[in-house]
Amino acid sequence: MSSERLQSSVHQAISEEGAKSRTIRVFFSSPFGGMEGERETLTRKYFPEIASYCQSFGYDFIPIDLRWGITKEAADNAMVMWLCLKEIDNSDIFVGFYGMRYGWHDATGSDELLKQNFLKAKDDYGWIMQYRHRSVTELEMRHGHLNSLGAIPSCFFFRSESFDTRKVKELEAAGQKGEIRKYKPENDNANELRHQLIREVKHKDSKSHLFSMKDYDTPEDGANKIHAALMTYLKTILPNTVQPATTFKDIFLQRHVAFYASKLMKPFIGGGDLFSQLTLHATGHAVRPVRQDTIVSVEDSMTSSSYNSSDASSISYEEVGQKPVVLLSGPGGGKSSVICHWMKGFIREHKDMILFYHFVGTSAGSTNVRIILMRMVMELYEGLEVQGQTDGFESAPDPEKLATKPVKDITKELGLVLKQIASHKRTALIILDSLHALSPGKQGRPLSWLPKSYPKGVNVIVSTSSKNAKLRRELVGKRRWHPLEIKSLDSECQEEIINQVLTPRGKALSPYQTENILNNKQCNNPLYLNIVLEEMVMFGDFFKLDAHMQSCLEAVNTKELFIKVIRRLEKDVQLVLKREDVLKQVLVGIHVSNEGLSEKEIRHKVQLDQREWSHVFFSLEKYLTANGVILHFAYSDLDEAVKELYLPQPEDYSFAAKDLANSFLEILEPVVTPHDDKPIDKNRVMRMASELPFLLSKTLTIPGQREKFISILSNIYIFNSLYTPSTKYDLVGYWNELGLSLENKGSTMSDAYKKSLEEFKKTNKSTSGYSIVEICDDLASFLIDSGSFKYSEEFYIQAKEVQEELCKNDPEPSETLADILNKLGNFYVDTEQFDKAFQTQTRALAIREQLANQAPDKETRDKFTSGMAMCYNGIAILCMRQKDYDKAVKNFEITLTYHKQALGEVHQLVADTYNNIGTCYYTHEQYEEAINAFNDALKVYNQVYSDSLPPDIGGVMTNLAMCYRYQNDFTQAENLYKEALRIREAALGRDHPDIGQTLMAIGMFEIQRINYDVAEEHFRRALEMFEAAYGKSHLLIAQASDNLCRCLILTHKTTEALTWFIVSHTIYKKRKNISRASISLMDTFIDYYQSENDLTSAYELLLDCLVHDQRRDDHYLTINTVYNKMEESSRRPRDASTTVDVGLRVFPESEILLIAKIEMCLQNKEVAIVRELLATHKPSSKPYFLAFNACLQGDMLGQGLTILEQLITVDTLVDSKVTALKELSIRYHSLQQFDKTSEYLEELCKLDIHNYTAKYNLGRLQMLPVYNDISRGTALIEEALRMATNAKD
């Protein structure tokens, strides 16, 4: 067997963190009887030595001897064979040894119990049925070795037959006939089967054997040979497990294994009820609150450094499991030690459970969420595979491909593997220690990457500092996970710790000293107590020991105790190195750094040789921890102690940061100076980028540092390292540290980057790996991200021109050029250069359509399809900005289809498109549809940005809030506005123009809530941001001015409001986009101008109203009124487009314009024209009666009556016909035109059958001599009287 096999097996066991975590399991196979001597000698004499050796490397040695371990119940239930084979599956080494006895077998087929054993085991091990009459021992040897040669290390030992023969004779002589069978073959057939098995083992592929097979003479000799073989092998393998790992996975395993082992090596006190609660949870039982418990690992707070001084989701589950457990304690409270010691016992009792654990901060990248998720996914899959659970399971993802995926996709993979574990009734335990050590970015949100719920059978335990209020609120408050808190030490545990720490070192405290410690309440904290004891151990003067102890105990907290420790270490280091301030420089350097410092960086800064550094390091080792090669403080109280001791004033910190920055600057120059034969060391540049901007941002109050800070930020190599999706807003934040206005910041950035780019072009070599096109593209994008829009164009243009030049030699279409054109087109939309935007986007779309048509495969075609979607999106936004919403929605729908086709349902661009669709619905006041679209966007954004809160999410929240505001759901709106502003400011800084848009929305919300002063403040701040970002003529300036104007009007500051109205109105007119102006504000100031008798201004504003998309019919009346009031000297020639006639053509159904026109016609007695207007426009009855009354007043009764006669012919005016007929009958009666009177009274009686007055008048009319129809007249009058009487009753 190869040595790599065991190392792989051991690593596999550790990485799975399952039943075999940190163990070496050795299966010992032999017949049950006759081999007791070998087993007894191994157990008593050799196993302790093997276990001790394994333990020295952090491994637990577990010998598997099922002849002693199988319960009576298992034997009675015929589970012996299955258990043996199963244990072999879980073992790392197989050891077989044989005497004369063949072992339990059924040669005749009469052994019912063995038969049942075969039947019980065949479901999992079907191959055994072809060996139905062979012994259990032979089946073990076949499963452990012969069936899969080389699968695990194996070795075999065969006892001399002479020993068994001699043993039989001795037993016969002693009369112990019952023991004789153990040393004799069961029968001749069994003996032949045994010999056959031995021959097969010895001669079949002997190269696969890990050890040479040996014969031995006695049980003691056999045990000795087995021990020697195992030790030889382990001494070959185990030292290799601590050698520097070469793969990503092994690096993590090595660090976590070292941390886990370091905890197990320390004595441990307590546990008790808390251990029980953890076990209950891990096995799927409910956890009760733990009110009080005392746990501590001796030197738990003195964590050994692993540093070497020489160097989830959209998944839903059928059944949700119980809530995870949160283990809480203060600094040094023992969280990690509790987990490690509990795990050790739990693992041994739950070997079939899949286990994953991760100790945050123990290895390079162990604080990185992406790496944690990758480990979890891969190792949970491996847990399934190692347990042989592969049928019906999806295979694990390719690790290399997984490493390139965003966090949200890895979280999705985690959900898939958890679902598989649950669906196949497996159980798993996930342990995440020290979550408080994670370091989210500026836009990070606590544990958004960690699923909130888990399927049944998957249990989770996490630990964090009880002082981390943010995480505690998230885990215990919001998620309602079960808290288990580690409480302070009691006196019994304190005394035990004292003994555990001091006794091995040959020391002891007097009763007085012990009492002093027990009476000090600070010693209830394990970290404090351990530091005190360590200090006493380090102290060499017995006679001054009490005073030294008392000095330590006078520290009121752990921070003050660390200050005393530092003072003692200063003296120790100075005594050896004969140099002052060495320790101070090391500690201050680590404190002011961003991530910590490496040995090389410390030695460079402090000027230490290897010997000097080794002394300093070993003095500090117990107080440091390492993230790869980067050292940082293991305890926050130590960090605070360094600050209080060495950097009490802000200026102290600034100068310390400057000192460390200068040290890094000395390293930077050779790193970024390219050579013809050597590319840029990008890893070292990344290290510089992680420290230099951070450090220099702390020095800006020192003269000369601002220029140095700008130089570093604009350095092209530093820029390329920082301009990534996860750190680009950190870069924005660094520029914001300068405190410049947005306008000045934009020009400063642009000038600095242009200068740096020119220098880069002069020194850059082909081996540097950077592209001018990519750099210009990224610089332009960053300037947009930082809010300096107008400065991005020249970088986009430069990128386009360089790429076009490259394309001259290549006839094939360029995706790079299409991408630049797409971004440039978006820029033109944002800056309202719409013609340029359309031309640029359509050119980009044409290139991408050509690329998609030429694509050789689906993957390539999807890539270009996604690019096409980006172009359609740009065109859609262009349409939206031009208020062509139908066309915008159509293009957004195409965008969404293409994005989903190429990128899937969960992608940032899918979310962006949902957001844009929601914006279209919002503009159309379709708020429910808009809310649905925005929620779809938010759902996708949350999946995409599972580990952070970028400004995109804040933007969607702002949009949602506006919808709820219009639905009068103020509570929902307020919560969304606050969160949106917080997210955007955290990511972009307080002066980014996107913040201005959020402030605008909040301002309108505050107006609705009558908080005018707050709204005014928001609008003014937004105006400052927009002006700095876009200049003074941008549309957003106009919109913000309008909003401020509204606010000022509401607070009766009309004069100032007019100033801002003029600002916005001037912008709209200049841009020839007057329809973007607020028509209500225009109306307000038309009235204001009239009230101030500024008729010229009112007239000019009315002219603008008449070309506005929202112009109204009354604007035509008002402009005529205003024009007529103006003095002739101030009038300009009448614009033909302002007449009432034009107004009627624009608003043909406008009655107010029709009435105005009628009045104008009647003034000139143009009744015929009036009747023509009424016939053409078919208004309500009102213009008819107004025209009739005007005729009466103009002594044109006859013409007026013709207008009423025209009215009664209009079928749609039935309700007004009665009034008209009454008026006609009265007027014609007064004119003594009785025929007309009679005609209209007859029609009136028919139309209004209950009108007794009309009947009465018609009756009287019939009695007149002209008609002389007395009979009819009498009948009509009598009927009218009856109707009147009835009506009165």
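> Pulling in residues and values, what's your account of the overall build of the protein?
Assigned secondary structure in the protein consists of 58 helices and 15 strands. Surface summary for the protein: the accessible area is close to 57,100 Å², and the carbon and sulfur share equals 49%.

> Help me get a handle on the side chain of Ser-756, residues and values and all.
Turning to its location among the elements, Ser-756 is positioned in helix H32 (residues 742-763). One polar contact links the side chain of Ser-756 to the main-chain amide nitrogen of Ile-716, over a distance of 3.4 Å.

> Help me get a handle on the pattern of salt bridges, residues and values and all.
Counting across every chain of the model gives 59 salt bridges. In this structure, Arg-194 engages Glu-161 in a salt bridge whose closest nitrogen and oxygen atoms are separated by 3.3 Å. Residue Arg-194 is located in helix H9 (residues 188-203), and its partner Glu-161 is located in helix H7 (residues 161-174); the two are separated by 33 residues in the primary sequence. The exposure class of Arg-194 is buried, given its relative accessible area of 2%. When its relative accessible area of 35% is taken as the criterion, Glu-161 is described as partly exposed. Where Arg-1021 meets Glu-985, a salt bridge forms, and the shortest distance between an N and an O atom there is 3.0 Å. You can see Arg-1021 sitting in helix H44 (residues 1012-1030) and its partner Glu-985 sitting in helix H42 (residues 970-988), a full 36 residues away along the chain. We note that Arg-1021, like Glu-985, is buried. When salt bridges with common partners are traced through the structure, they connect Asp-777, Glu-815, Asp-819, Lys-823 and Arg-848 into a single cluster.

> Account for the sheet that holds strand E10 (residues 428-433), naming residues and giving values.
Taken together, five strands build an open sheet; the order of strands is E9-E10-E11-E8-E12 and the sheet is parallel. The two strands at the open ends of the sheet, each matched to only one other strand, are strand E9 (354-359) and strand E12 (482-485). Looking at each pair of strands side by side, their axes are set apart by 15 degrees on average, direction ignored. Pairing geometry for E10 and strand E11 (residues 458-465), over five bridges, is parallel. Within E11, the position partnered with Ile-431 by the bridge is Ile-461.

> For unusual backbone geometry, give the residues involved together with the corresponding values.
For Asp-1195, which is not glycine, the phi dihedral falls at a positive 55 degrees. Positionally, Asp-1195 belongs in the loop between helix H53 (1181-1193) and helix H54 (1197-1207). Relative accessible area serves as the criterion here: at 74%, Asp-1195 is assigned to the exposed category. At Gln-1232, a position not held by glycine, the phi torsion is positive, near 60 degrees. Mapped onto the fold, Gln-1232 is located in the loop between helix H55 (1214-1230) and helix H56 (1234-1247). You can call Gln-1232 exposed: its relative accessible area is 59%.

> Go over a positive patch on the surface, please, and point to the residues and values.
Where like charges cluster on the molecular surface, the positive patch consists of Lys-452, Lys-470, Arg-473 and Lys-478. Summarising the element assignment, Lys-452 is placed in the loop between E10 and E11.

> With reference to specific residues and values, describe the packing of aromatic side chains.
Applying the stated criterion to the full structure yields 29 aromatic pairs. Aromatic side chains Tyr-1099 and Tyr-1123 sit 5.5 Å apart centroid to centroid with 45 degrees between the ring planes, which places their arrangement in the tilted category. Placement of Tyr-1099 in helix H48 (residues 1095-1105) and of Tyr-1123 in helix H49 (residues 1113-1125) is noted, with a sequence separation of 24 residues between them. Each member of the pair, Tyr-1099 as well as Tyr-1123, carries the same accessibility label: buried.

> Break down a negative patch on the surface for me, with residues and values.
There is a patch of like negative charges on the surface, built from Asp-490, Glu-492, Glu-495 and Glu-496. Positionally, Glu-496 belongs in helix H18 (residues 491-502). Exposure remark for Glu-496: the relative accessible area of 34% places this residue in the partly exposed category.

> I'd like to hear about the nonpolar core, residue by residue, with values.
Ile-517, Ile-566, Val-616, Trp-735, Tyr-753 and Phe-782 are the most contacted members of the largest nonpolar core, which totals 258 residues. Among the elements that line this core, the one with the most residues is helix H40 (residues 927-944), at 10 residues. Ranked by size, the runner-up nonpolar core spans 38 residues in total, among them Leu-380, Leu-414, Val-417 and Leu-438.

> An account of helix H34 (residues 793-807) is needed here, citing residue identities and associated values.
Taking 1.5 Å of rise per residue, the 15 residues of H34 would be expected to cover 21 Å, and the 21 Å separating its terminal C-alpha atoms lies within 8% of that figure. Within the sequence span of H34, burial applies to Phe-795, Tyr-796, Ala-799, Lys-800, Gln-803 and Cys-807. Along the long axis of H34, the arc covered by the buried residues comes to 135 degrees, so they all point the same way.

> Go over the packing of helix H33 (residues 772-785) against helix H35 (residues 815-830) with me, naming the residues and quoting the values.
Between H33 and H35, the shortest axis-to-axis distance is 11 Å and the interhelical angle comes to 20 degrees. As summarised for this structure, H33 and H35 are arranged roughly parallel, according to the angle between their axes. The interaxial crossing formed by H33 with H35 has left-handed handedness. Contacts between H33 and H35 involve Val-773, Asp-777 and Ser-781 from the first element and Thr-816, Asp-819, Ile-820 and Lys-823 from the second. Partitioning the contact of H33 with H35 into residue classes produces two nonpolar, two polar and three charged.

> How would you summarise helix H47 (residues 1079-1091) if you had to cite specific residues and measurements?
The end-to-end C-alpha separation of H47 is 18 Å, in line with the 18 Å expected for 13 residues at 1.5 Å each. When H47 is considered as a whole, its buried residues turn out to be Ile-1079, Leu-1081, Met-1082, Asp-1083, Phe-1085, Ile-1086 and Tyr-1089. Buried residues along H47 sit against helix H45 (1035-1050), helix H46 (1054-1070), H48 and H49. Where H47 ends, the next residue or the one after it, Asn-1093, has phi of about 60 degrees, a positive value.

> Provide a residue-level description of the state of the cysteines, including the pertinent values.
Scanning the model with the defined rule gives zero disulfides in all. Distance from the sulfur of Cys-920, which forms no disulfide, to the nearest cysteine sulfur (Cys-879) is 9.2 Å.

> Residues and numbers for the confidence of the model for the protein, please.
Per-residue confidence for the protein gives a mean pLDDT of 83, with 86% of residues at or over 70. This model gives residues 1-21 a pLDDT under 50, and the stretch forms 70 contacts once residues within four places in sequence are excluded. Contacts from residues 244-248, a stretch scored under 50 in pLDDT, to residues over four places away or in other chains number six contacts.

> Residues and numbers for the pairing of strand E8 (residues 325-329), please.
When you tally the buried positions in E8, you get five out of five residues, the bulk of the element. Here E8 shows two buried faces, one formed by Val-325, Leu-327 and Ser-329 and the other by Val-326 and Leu-328. Sheet analysis places E8 next to E11, joined by five bridges and oriented parallel. Directly across from Leu-327, in E11, lies its bridge partner Ser-463. In this structure, E8 lies alongside E12, joined through four bridges in parallel fashion. Its bridge partner being in E12, Val-325 is matched across the sheet by His-482.

> So what's going on with the environment of Leu-1213? Which residues, and what values?
Within the secondary structure, Leu-1213 is located in the loop between H54 and H55. Separated by 32 residues in sequence, Leu-1213 and Ser-1181 have C-alpha atoms that sit 6.7 Å apart. Sequence-distant contacts of Leu-1213, that is, excluding residues within four places in its chain, are made with Pro-1179, Ser-1180, Ser-1181, Tyr-1184 and Leu-1207.

Thresholds applied
Residues numbered from 1 in each chain as written. Predicted model: local features only at pLDDT ≥ 70, side-chain atom pairs only at ≥ 80, totals over all residues. Heavy atoms only, no water. Helix = DSSP H or I, 4+ residues; strand = E, 2+ residues; numbered from the N terminus. Areas by Shrake-Rupley, 256 points an atom, 1.4 Å probe, with all protein chains shown as cover. Polar contact = N/O pair within 3.5 Å; in protein donor to acceptor, adjacent residues only side chain to side chain. Salt bridge = Lys/Arg side-chain N within 4 Å of Asp/Glu carboxyl O. Buried < 20%, exposed > 50% of the residue type's maximum accessible area, 1.4 Å probe, protein only. Pairing = 2+ DSSP bridges. Axes fitted to C-alpha atoms, helices over the stretch in contact; angles between N-to-C directions. Patch = residues over 30% accessible without salt bridge, like charges linked within 9 Å, V, L, I, M, F, W, Y side chains within 5 Å. Lys, Arg positive; Asp, Glu negative; His and termini not counted. Charge placed at Lys NZ, Arg CZ, Asp CG, Glu CD. Phe/Tyr/Trp six-rings, centres within 6.5 Å; stacked < 30°, edge-to-face > 60°. Core = buried A, V, L, I, M, F, W, Y, C linked by side-chain atoms within 4.5 Å. Expected span 1.5 Å × (residues − 1). Arc of directions from axis to C-beta. Parallel < 35°, antiparallel > 145°, perpendicular 65-115°, else oblique. Left-handed = near helix turned anticlockwise from the far one by under 90°. Contact = heavy atoms within 4.5 Å. Nonpolar A, V, L, I, M, F, W, Y, C, P; charged D, E, K, R; others polar. Disulfide = S-S within 2.5 Å. pLDDT = per-residue confidence, 0-100.

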